[in-house]
Amino acid sequence: MSNFLWEKSYPKGVSWDITIEDKPVYALLDDAVRKWSGNYVIDFMGKRYTYAELDALVNRAAKGFRALGVKEGVHVGLYLPNTPHYMICFFGILKAGGTVVNYSPLDAERELRHKIEDSHTDFIVTLDLEVLYPKIAGMLNQTRLKKIIVGCLKEVLPFPKNFLYPLLKSKEIAKVPNNAQNMTFHDLIDNDGKIDASPVPDPGERVAVLQYTGGTTGLPKGAMLTHRNLIAACQQYRAMQQGDEAVLIDGQEKILAVLPLFHIYALSVIMTFGIAGGYEIILHPKFELDAVMKDLNKKKPTVFPGVPTMYMAIASHPKIKEYDLSSLKFCASGGAPLPFEVQEQFQRVTGCRLLEGWGMTETSPSGTSTPMTDKRVAGAAGVPLPGIEIRIFGVDDKSKIMPTGEIGEIGIKGPNVMKGYWNKPEATADSFVDGFFLSGDTGYLDEDGYMHIVDRTKDMITSGGFNVYPRLIEEAIFEHPAVAEVTVVGIPDDYRGEAAKAFVKLSPGAKEFSLEELRTFLKDKLGKHELPSALEFRAELPKTLVGKLSKKELVEEERQKYEARKKAETGA
């Protein structure tokens, strides 16, 4: 029996000790079809699919992939936005025996080339959109890529087949050559769907998904997520909701999906989690505020996972009071730190609990989650999920275990943690200590087992010998009434080595303020060494496709500005 600090904070009836089922990821859909075949699983812009209909399409896709030679050891890329194609092909690839490699539509040519070669991707599925197809087509004959499977939106929209792409102009549709290197999605699934799923005798070893990390330091690395990793993450999330007073009811919930499914957060927290519970997934191609507000009001989702910027946008909607959001049981925030002010504002204007969690690509991405109890812990990212162990290591000395309440690097251990980095045994070995994956995040556990994230170790600023954590500065700046969004990065400083610079997006109608005014506002909230030494206002701050505020572009800008200034000073 376990005896961890955080167990006392679990909802009644939730146990840390859970048994992870040894089964392949596609079994989640098989099980759901047996229980809820007639229930809807997808609502895509008004086109709805039952579990039985999705299952039939998955089997046909699996047979099509098998005919192409997809089997164990063959890697198939998905270069898709949120459309039914993604879910059909994801499960189809796994049933055929292959491994899924997720690609982001924002990947630059250099990243695409690296991922294709590094991951050994032989086939890629995409759409015939001008923003997608030409980039992948450019990889043919330049990389190991053998064939592109090309879908189109009219296959999955509720319109007659001869109706040309609603919402799209003809110039947005790419011309796809009719040759052996291109295959239509229609031809892929043009079969009877009679196929025996590829057996997975050891789900803990067989890689289901190669999920690339962001590559903020060097080229992206592929996290090997096994079938067991993804099943474990799904069961851990479900276990937290299945205490004596279950929050979610199997076969009855609706989950709003605006996060991209190719991102590990949505893949686990929306797709596999939703299918395991027999939920209907209201699928949006991307986050568009008005479309989201409309569906929250009319389609009545009960769960909405998102990132902080989405909740900021909803809470600030000028007509928020005109929308009925009462169907929501809770919203889940992940992918980035949730500012306490955003959490409070969202809960105040919507009446819905906004629960923060933490996880990583390498953890599939389960880690911590805020329990649905009456307890409120400001600024905490929840407690470790069932089956997960968290340990706080010394930032500079990994042999040192930090006591309760003291900051260190967060280590995580559990059946959800990746097998390792693809083809990078040294990077894998360097990432683990005593079986714990070193997250690169700093934080601490309080006396009730709640985890508090302080910052990324790589984002930490060393200023005049002091460790300065950007997130703490961001939280303080966010209390300023004129601030809508803020990102703090370290910039080169000749005297202190590094200094903090704040980039701010103002709230509508707010006026700019000076650096001195900001420092005066922060004087009672931060130490002198933490006060920003520079301030810049931006109409928009850089974000990832998921909607997380992104620092790397700003860091690179500042580095180039500093180098140019030093060059001018020296006359070099």
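Residues numbered from 1 in each chain as written. Predicted model: local features only at pLDDT ≥ 70, side-chain atom pairs only at ≥ 80, totals over all residues. Heavy atoms only, no water.

Quick notes on the confidence of the model for the protein chain
Residues at a pLDDT of 70 or more form 95% of the protein chain, whose mean pLDDT is 91. Low pLDDT (under 50) marks residues 161-166, which in the prediction has nine contacts with non-local residues, meaning those over four places away or in another chain. (pLDDT = per-residue confidence, 0-100. Contact = heavy atoms within 4.5 Å.)

Observations regarding the side chain of Asp-122
Its location among the elements puts Asp-122 in strand E5 (residues 121-127). In this view, Asp-122 contacts Val-74, His-75, Arg-144, Leu-145, Lys-146 and Lys-147; residues no more than four positions away in its chain are not counted. (Helix = DSSP H or I, 4+ residues; strand = E, 2+ residues; numbered from the N terminus.)

Focus on the sheet that holds strand E4 (residues 99-102)
Pairing is mixed across the open sheet formed by eight strands, whose spatial order is E7-E6-E5-E3-E4-E8-E9-E19. The open sheet has two free edges, formed respectively by strand E7 (182-184) and strand E19 (420-421), since each of these has just one partner strand. Bridge count between E4 and strand E8 (residues 207-212): two bridges; the pairing is parallel. Within E8, the position partnered with Val-101 by the bridge is Leu-210. Its contacts with the sheet put helix H7 (residues 227-240) on E8 and strand E9 (222-226), and the angle it makes with E9 is roughly 75°. (Pairing = 2+ DSSP bridges. Axes fitted to C-alpha atoms, helices over the stretch in contact; angles between N-to-C directions.)

Some thoughts on unusual backbone geometry
Cis geometry marks the peptide bond from Ser-364 to Pro-365, where omega comes out at -10°. Summarising the element assignment, Pro-365 is placed in the loop between strand E14 (354-358) and strand E15 (368-369). Of note, the phi angle at Ser-364 is positive, near 75°, even though the residue is not glycine. Examined against the element boundaries, Ser-364 turns out to sit in the loop between E14 and E15. Here Ser-364 falls in the buried class, since its relative accessible area comes to 0%. (Buried < 20%, exposed > 50% of the residue type's maximum accessible area, 1.4 Å probe, protein only.)

Thoughts on the environment of Tyr-237
Counting through the fold element by element, Tyr-237 comes out in helix H7. As for Tyr-237 and Gly-97, which are separated by 140 residues in sequence, their C-alpha atoms are 26 Å apart. In this view, Tyr-237 contacts Ser-268, Val-269, Phe-273, Pro-365, Ser-366 and Leu-385; residues no more than four positions away in its chain are not counted. From its side chain, Tyr-237 meets the backbone nitrogen of Ser-366 in a polar contact 3.3 Å long. (Polar contact = N/O pair within 3.5 Å; in protein donor to acceptor, adjacent residues only side chain to side chain.)

Some points on empty space enclosed by the protein
Inspection of the entire model under this criterion finds one cavity of 30 Å³ or more. Size it by volume and the largest cavity reaches roughly 40 Å³. Together, Arg-238, Gln-241, Gln-242, Leu-248, Asp-250, Phe-273 and Tyr-279 line the largest cavity. Taken together, the residues of the lining of the largest cavity sort by class into three nonpolar, two polar and two charged. (1 Å grid on protein atoms, 1.4 Å probe; cavity = no way out; pocket = protein on both sides within 12 Å on 5 of 7 lines; lining within 4 Å. Points joined across faces, edges and corners; volume = space filled by probe spheres on them. Nonpolar A, V, L, I, M, F, W, Y, C, P; charged D, E, K, R; others polar.)

Quick notes on the packing of aromatic side chains
Throughout the structure, instances matching the rule amount to twelve aromatic pairs. Every member of this aromatic cluster is reached through a ring pair, and the members are Phe-4, Trp-6 and Trp-16. Between the NZ or CZ atom of Lys-525 and the centre of the ring of Phe-521, over which it lies, the distance is 4.0 Å. (Phe/Tyr/Trp six-rings, centres within 6.5 Å; stacked < 30°, edge-to-face > 60°. Lys NZ or Arg CZ within 6 Å of the ring centre and 35° of its normal.)

Brief notes about the sheet that holds strand E26 (residues 497-506)
The three strands lie next to each other as E25-E26-E27, forming an open sheet whose pairing is mixed. Looking at which strands have only one partner, the edges of the open sheet turn out to be strand E25 (483-493) and strand E27 (534-537). Within this sheet the neighbouring strands show an average axis-to-axis angle of 25°, counted without direction. With four bridges joining them, E26 and E27 adopt parallel strand pairing. Across the sheet, Val-504 pairs through a bridge with Phe-537, a residue of E27. Packed on one face of the sheet, helix H13 (residues 470-478) meets E25 and E26 and runs near 145° to E25.

Focus on the side chain of Ser-507
With respect to the helices and strands, the residue Ser-507 is situated in the loop between E26 and helix H14 (515-522). Judged by its relative accessible area of 19%, Ser-507 is buried.

Some remarks on the pairing of E8
Strand residues, when the strand is regular, have side chains that alternate between the two faces of the sheet. Counting buried positions over the six residues of E8 gives six, a clear majority of the element. Here E8 runs beside E9; their pairing, made up of five bridges, is antiparallel. Within E9, the position partnered with Gln-211 by the bridge is Ala-223.

Here's the deal with the pattern of salt bridges
Enumeration according to the criterion identifies 39 salt bridges in this entry. Residues Arg-471 and Glu-475 are paired through a salt bridge, measuring 3.4 Å at the closest nitrogen-oxygen approach. Pair noted here: Arg-471 and Glu-475 are both in helix H13, with a separation of four residues, about one helical turn. When its relative accessible area of 6% is taken as the criterion, Arg-471 is described as buried. In this structure, Arg-559 and Glu-563 form a salt bridge, with 2.7 Å as the shortest nitrogen-oxygen distance. Highlighted residues: Arg-559 and Glu-563, both in helix H15 (residues 552-570), separated by four residues, approximately one helical turn. The class for Glu-563 is partly exposed, based on a relative accessible area of 44%. (Salt bridge = Lys/Arg side-chain N within 4 Å of Asp/Glu carboxyl O.)

Focus: the nonpolar core
Phe-65, Phe-90, Ile-275, Phe-304, Ile-390 and Ile-477 are the most contacted members of the largest nonpolar core, which totals 170 residues. At ten residues, the largest contribution of residues to this core is made by helix H8 (residues 264-276). Setting aside its immediate chain neighbours within four residues, Phe-304 contacts Leu-256, Val-258, Val-292, Met-310, Tyr-311, Ile-314, Leu-328, Phe-330, Cys-331 and Ala-332. If you look at the next biggest cluster of nonpolar residues, it comprises seven residues, including Val-489, Phe-503, Leu-541 and Leu-554. (Core = buried A, V, L, I, M, F, W, Y, C linked by side-chain atoms within 4.5 Å.)

Quick look at the environment of Lys-171
Following the sequence through the fold, Lys-171 ends up in the loop between strand E6 (147-151) and E7. Lys-171 sits 42 residues away from Leu-129 along the chain, and the two C-alpha atoms are 9.2 Å apart.

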